[in-house]
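Understanding the architecture of this molecule
The lines below spell out each chain.
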Amino acid sequence: MLKMRSTDLIIRRVFSSLTSLRLQPFSTQPAIQERLETFRTTENSPLNHTEDHIGQFYRIPPETKKQLFLYGGLAKSYEIQTKTFTETCFMVRKPAVDIIYCMKTIDYSKPAIRFVMYGKKGNGKTLSLAHILHYALESKFLIVHVPWVGNWMRRCKESSNSEVKEGFIDLNIDAAAWLIHFKNQNAHLLGDPELKVAEDHVWNKRETTPKDAPLTELVEFGINRIKYASRCVVALAEEIKKLSKAGKCKTFVAVDGFNALFYPQTNILTEKKQVVHPSKVTLTEAFLNLTKFDWNNGVAVVIVDEIAIGEKDQISHLPRYLLGKEGFEHMDPFVPILVSEYTPKELKSCMDYYRERKWVQPLPGQDEELTFLSASNPYRLMLLCNPL
Amino acid sequence: MATVTRLYRQQIFRPSYILSRHLAEDTEFRVLNLKTTRSQPVQRKKLKKPDVLPPRSYQMPVDQDWGSVWPGPRSFHPATVPLPIRQGYVDKGAPPGKYGNAELMKIPNFLHLTPPVIKRQCEALKRFCTPWPRGLETDSKCEDHFPVEVASSNYCYSSPSIRDPMARIVTVKVKLSRIPLDEHAKDKFLRLVGDRYNESTDMLTIVTDRCPLRKQNYDYAMYLLTALFHESWRVEAWEKLKSEADMEYYDWKVSASKKSIETLFGKEHTDITHADTYSQTVDALMNEGESEYSVTKYGEAVRQMLQLPQ
């Protein structure tokens, strides 16, 4: 399968280079400019994206992509496609532009504002969040990003009883992995001497993280001493809040699959094989703490997704249902952001992009047919275009 | 063996018959007639049908007074009804005609209640009627003056007993809006009556059938109505223990949502601008169920309250 894919890729690449070679003498400069304007924007900084860019693709530099999404944050199928296309492009879509515009205008001295993105499966919630993450990176936010809560609640690497809190469960390996992700995403900010730990953290008799130590030390400790990783994440969340309140940094919290933090049936089991409620997982505490409104200089964007919960309960994609009573009360008042299917313009632009990448062969009436077949659902459109 | 006995019996019991034949045909050789077949078969008597008059309907004039031909309720009679009626089903062909058709006799008919007959009977009854009370011309006026509707049924048929047990059942209907209740009392009233209240028509229906007589059932229904009314106005000590989970609807004023926005803004909800639209949208979201529309409305209200661009 993999081999087939790679040979296919080579053939495509050779074909594309051949056609480009053959076409070059005939094409003229203005024509390319015009083509660029329709579905691709040269504005590659999300700081400047406005409503005018909706439906257009922009390119992310590979090093940025590596910093943001090395340890997750993009769907696997999309990752494969970016590899095939030899570039990572995001479409500028309304929900992301909306949130970015809000983030620009928010008064950061006021309590943190929470956005909840919702929408049907495959509508591009995660990719919209990726776009916003890029914006947060560009505008020097401290990024607290959880690529997929479902990884913790539904297929965690290992679980152990918490030493400090009676009845709580630690997911230490996952916590340490997340700390690496955090460190990687904020590599450029963590060197800031302003970011200090506000209080002593005593891990055991010998190991402590003293007050005024740099935040990196706390993160490093969690990565090196996996046994304490979960506690470290909770402490880190609290420290980040304190730093933000003190005005030392602006924080952007992004959690994908947030509703898994409230879904009672996890796949985590205690030693007696009892199902653990998410509220009994130490990591939950940290991210619930960060999505409260009792701090400022922060914004939280969370995604509620049907896939994050058990298959039998995937009834509705709306936020109140997915969050449940408890979750709704926790997030309230939040700003719901709908991520809808492609508009005709977006679909056209997406197909143009695929055609430009030589991913699909142009055929008359192709766009209309694919619109109906995919019901404008971005993920389904991608699947339909794979064999074309 | 069996044939021998039969032969023997015949000779025993029919000796005179054989003898007579012998006398009549003395010239011929005697024949032993074992089968006793008669030379001439006896003619059977034909059943004579009595003479029947042709159906009466053949002689009916077109302008006859139908009311006197068919004066009372009666089961169908094909000769009296001058209509070519067919009723029933056969696999092939038309439905059977009216003669000798049990299907037509089984079903009740209203041939005695034709419009002119009804008119005539009403005319005759008119002199026993009193005028319709003034002020009750329309249904809505009747409802205004007589909010409680009591219904019971009389049964009339020919059986050894003229009493029907179903006649005891009394149905009392009243609109809930006509009963003076406050918010608490209404809530309690609805919990007490349960499914006897129809929300779409705002109608409370009490059916009583536990007593043997209609009068008793009626009294019991009235007692129930009175007891319900007074009981729902009474506030018991344990009613203060009602928590959010016991609420029959989402009340924003006692909700966690109100608490959270009050802590968020650090002031009472009455002082927060746009908090009223927000509270309405939360109420709608919770009570009317979640839909794309209610979530959008909620989002708009939140944006307004938090002063975010729409």
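Residue indices begin from 1 for each chain and proceed along its sequence in written order. Starting at A for chains and at 1 for ligands, labels are handed out in the order in which the entities are written. Only residues with pLDDT of at least 70 get local features here, since the model is predicted, and only at 80 or more are side-chain atom pairs given and counted; chain-wide, interface and lining totals rely on the full set of residues. Processing note: side-chain calculations cover all non-hydrogen atoms of the structure and skip hydrogens and water entirely.

What counts here: UniProt positions are given in the numbering used here, feature names are shortened, and annotations may be inferred rather than shown by experiment.
In the nomenclature of an unreviewed UniProt entry, chain A corresponds to Small ribosomal subunit protein mS29 from the organism Ignelater luminosus. Its UniProt record gives chain A the following Subcellular location (unreviewed entry) comment, quoted word for word: "Mitochondrion". Annotation of chain A in UniProt includes, under Sequence similarities (unreviewed entry), the sentence "Belongs to the mitochondrion-specific ribosomal protein mS29 family."

Side note on the packing of helix α3 (residues 62-69) of chain A against helix α6 (residues 125-138) of chain A
All names here are of chain A. Quick note on the threshold: As a rule, the C-alpha atoms of each element are fitted with a line to give its axis, helices using only the stretch in contact, and angles between N-to-C directions run from 0 to 180 degrees. What counts as a helix is a DSSP run of H or I of at least four residues, what counts as a strand is a run of E of at least two, and both are numbered from the N terminus. Oblique is the label for every angle not falling under 35 degrees (roughly parallel), over 145 degrees (roughly antiparallel), or within 65 to 115 degrees (roughly perpendicular). By definition, residues are in contact when any of their heavy atoms lie within 4.5 Å.
In contact at an axis separation of 11 Å, α3 and α6 are set at 105° when each is read in the N-to-C sense. As the angle between them shows, α3 and α6 are arranged roughly perpendicular. The segment α3 lies against α6, with T64, Q67, L68 and F69 engaging A130, L133, H134 and L137.

Concerning the pattern of salt bridges
Our working rule: Salt bridge, as used here, is a side-chain nitrogen of Lys or Arg placed within 4 Å of a carboxyl oxygen of Asp or Glu. Burial classes follow relative accessibility: with a 1.4 Å probe on protein chains only, a residue under 20% of its type's maximum area counts as buried, one over 50% as exposed, and anything between as partly exposed.
Tallied over the entire structure, the rule returns 31 salt bridges over all chains. Between E239 of chain B and K188 of chain B there is a salt bridge whose closest N-O contact spans 2.7 Å. Residue E239 of chain B is located in the loop between α8 (214-233) and α9 (256-265), and its partner K188 of chain B is located in helix α7 (residues 183-193); the two are separated by 51 residues in the primary sequence. This pair shows no difference in class: E239 of chain B is buried, exactly as K188 of chain B is. E300 of chain B is paired through a salt bridge with K297 of chain B; the nearest N and O atoms lie 3.6 Å apart. Here E300 of chain B pairs with K297 of chain B, and both are found in helix α11 (residues 292-305), just three residues apart, close to one helical turn. On the accessibility criterion, K297 of chain B (34% relative accessible area) is partly exposed. Ionic contacts of the salt-bridge type, sharing partners, join the residues R40, R59, E87, E356 and R357 of chain A into one network.

Quick word on the packing of aromatic side chains
Note the threshold: Any two of the Phe, Tyr and Trp rings considered here, Trp counted by its six-membered ring, make a pair once their centres fall within 6.5 Å; the pair's planes then place it as stacked at under 30 degrees, edge-to-face at over 60, or tilted in between. Here, over-ring charges are defined by two tests on the NZ atom of lysine or the CZ atom of arginine: distance to the ring centre within 6 Å, and angle to the ring normal within 35 degrees.
For the coordinates displayed, the defined rule picks out 26 aromatic pairs over all chains. Relative to F141 of chain A, the ring of Y135 of chain A has its centre 6.5 Å away and its plane inclined at 45°; by these criteria the two rings are tilted. The residues Y135 of chain A and F141 of chain A share a single accessibility class, namely buried. Consider the rings of W178 of chain A and F287 of chain A, whose centres lie 5.1 Å apart with planes at 85°: the pair is edge-to-face. Here F287 of chain A lies in helix α12 (residues 282-290) and W178 of chain A lies in helix α8 (residues 172-185), a separation of 109 residues in the sequence. One aromatic cluster is present, built from ring pairs that chain together F39, F57, F85, Y353, Y354 and W359 of chain A. Seen from the ring of F328 of chain A, R320 of chain A lies directly overhead, with NZ or CZ sitting 5.9 Å from the centre. The ring of W70 of chain B is capped by R74 of chain B, whose NZ or CZ atom sits 5.2 Å from the centre of that ring.

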